[in-house]
Amino acid sequence: MFLDGNGKVLLSEAVNSRKLIESKVSSQPCYIAEQSFINDKDEQLLGLGQFQDGHYNLKSISRKLIQVNSQIALPFLYSSKGYGILWNQFGLTWYNPADKSVPLEKEAVTNGVEREVTGTSGTVKVSQQQALHKGKILIEKMENILLCWTWGIWITVIFLPLTENL
């Protein structure tokens, strides 16, 4: 339990939420560490880096903290109650990891479209194909309203004739 200067609770851990699970990465032994906290309904949680998805309040957002070309992962979370959490670790981190997977089904495939791609050794024609995958999520805890959310992912596959042509 973490208190402010007046003894008021800022943050408390969820009961039995500390976990250290044995695992392996590339056949090397390691541990997966987990810890959960309880926060207020009106509390906002901000931070975790620079992402392009438009989410600022991350309270119910699942986020994979990984450094890639278009986003910056920063393991610091700031609360609207005035406290922050910084964790120091160099591995992959999931914030609010999803506890359910969504099975996807292929619904549509577009015909291959030829495109020209210019690389260091000149311009080549490639074949591009897209597929739409859909899945459903059942949301049960939204003030006793059952919602069924359908979402799709476009997956683009580009077939290159020879990689040395790029």
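Here, every reference points to the structure presented above.
Treat the numbers as computed from the prediction; the structure is a model and nothing was measured.

What follows is about the side chain of Glu43. The residue Glu43 is located in the loop between β5 (37–38) and β6 (45–50) in this model. The buried charged residue Glu43 lacks any salt bridge, with Lys81 as its nearest oppositely charged partner at 4.7 Å. At 3.1 Å, the side chain of Glu43 and the backbone nitrogen of Asp40 are in polar contact. Within polar-contact distance, the side chain of Glu43 engages the side chain of Ser79 at 2.4 Å. Here Glu43 is in contact with Asn57, Lys59, Ser79, Ser80, Lys81 and Tyr83, once residues within four sequence places are set aside.

Here we take up the pairing of strand β3 (residues 19–25). Little of β3 is tucked away, with zero of its seven residues classed as buried. In terms of strand pairing, β3 meets strand β4 (residues 28–34) through seven bridges, oriented antiparallel. In the strand pairing of β4, Lys24 is matched with Pro29. Hairpin connection from β3 to β4: two residues lie between these consecutive antiparallel strands, with Ser26 at a positive phi of about 50°.

Let us now look at the sheet that holds strand β9 (residues 84–86). The three strands lie next to each other as β6-β8-β9, forming an open sheet whose pairing is antiparallel. Among the strands making up the open sheet, the edge pair consists of β6 and β9. Here the average twist between neighbouring strands, direction ignored, is 25°. As paired elements, strand β8 (residues 72–79) and β9 share three bridges and run antiparallel to each other. Each residue of the ladder has a partner; that of Leu77, found in β9, is Ile85.

Next up on the list: unusual backbone geometry. The phi dihedral of Ser26 is positive, around 50°, even though this residue is not glycine. Topologically, Ser26 is positioned in the loop between β3 and β4.

Rules behind the numbers
Residues numbered from 1 in each chain as written. Predicted model: local features only at pLDDT ≥ 70, side-chain atom pairs only at ≥ 80, totals over all residues. Heavy atoms only, no water. Helix = DSSP H or I, 4+ residues; strand = E, 2+ residues; numbered from the N terminus. Buried < 20%, exposed > 50% of the residue type's maximum accessible area, 1.4 Å probe, protein only. Lys, Arg positive; Asp, Glu negative; His and termini not counted. Salt bridge = Lys/Arg side-chain N within 4 Å of Asp/Glu carboxyl O. Polar contact = N/O pair within 3.5 Å; in protein donor to acceptor, adjacent residues only side chain to side chain. Contact = heavy atoms within 4.5 Å. Pairing = 2+ DSSP bridges. Axes fitted to C-alpha atoms, helices over the stretch in contact; angles between N-to-C directions.

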